[in-house]
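# Examining the three-dimensional arrangement
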Amino acid sequence: MNQEKLNELLHAWQLRLGLRDWDISAKLCHAYEMSNCWGEISWNLHEKIADIKVRYPGESPSHAMRPYDLEATLIHELLHIHFAPFDEVNNLAEEQAINALSKALVNLGRIYVEN
Ligand SMILES: [Zn+2]
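## Section: helix α1 (residues 3-16)
Its 14 residues place the ends of α1 20 Å apart at the C-alpha level, agreeing with the 20 Å of an ideal helix rising 1.5 Å per residue. Those residues of α1 that sit buried are Leu6, Leu9, Leu10, Trp13 and Gln14. All buried residues of α1 project into a common sector of 130° when viewed along the axis, lining one side. Considering only its buried residues, α1 is in contact with β1 (23-29), β3 (49-55), α2 (70-83) and α3 (92-108). Where α1 begins, one side-chain oxygen reaches toward the backbone nitrogen of Glu4, 3.1 Å away; that side chain belongs to Asn2. Looking one or two residues past α1, Gly18 carries a phi angle of roughly 70°, positive in sign.

So this is what it looks like as structure tokens:
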């Protein structure tokens, strides 16, 4: 995985998820550049701008219970944009719903396979 491949994945999933009217960037990050998680997102709902950070493969968060799936993580963060109008605050139910949806979506049509 490199930044160029991540940009391709982002573009493909942005279209699949109906987010083409958003200006979204995604960046591969090291552990020290983000919180102790696989991915994170910040957004501006009114300007339709979002910034996503995903970890470099091989740099799992300390509490990770399952193998890192970068593509599912990217989808997870993108789905937060769809949930954003309902609630500005993250909560457990939303996280669980987004985890279930991102897992289902990546299994339906994974794009990236590590060589
Ligand atoms: Zn989340």
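## Here's the deal with the nonpolar core
If you look at the biggest cluster of nonpolar residues, it comprises 27 residues, and the most contacted ones within it are Leu6, Ile24, Ile52, Leu70, Leu74, Leu78 and Ile81. Elements that contribute at least two residues to this core include exactly α1, β1, β3, α2 and α3. Ranked by residues supplied to this core, first place goes to α2 with 7 residues. Here Leu78 is in contact with Leu10, Trp13, Gln14, Leu17, Leu19, Ile24 and Ile52, once residues within four sequence places are set aside.

Conventions we followed
Residues numbered from 1 in each chain as written. Predicted model: local features only at pLDDT ≥ 70, side-chain atom pairs only at ≥ 80, totals over all residues. Heavy atoms only, no water. Helix = DSSP H or I, 4+ residues; strand = E, 2+ residues; numbered from the N terminus. Expected span 1.5 Å × (residues − 1). Buried < 20%, exposed > 50% of the residue type's maximum accessible area, 1.4 Å probe, protein only. Arc of directions from axis to C-beta. Contact = heavy atoms within 4.5 Å. Polar contact = N/O pair within 3.5 Å; in protein donor to acceptor, adjacent residues only side chain to side chain. Core = buried A, V, L, I, M, F, W, Y, C linked by side-chain atoms within 4.5 Å.

These figures come from the coordinates and say nothing about function on their own.
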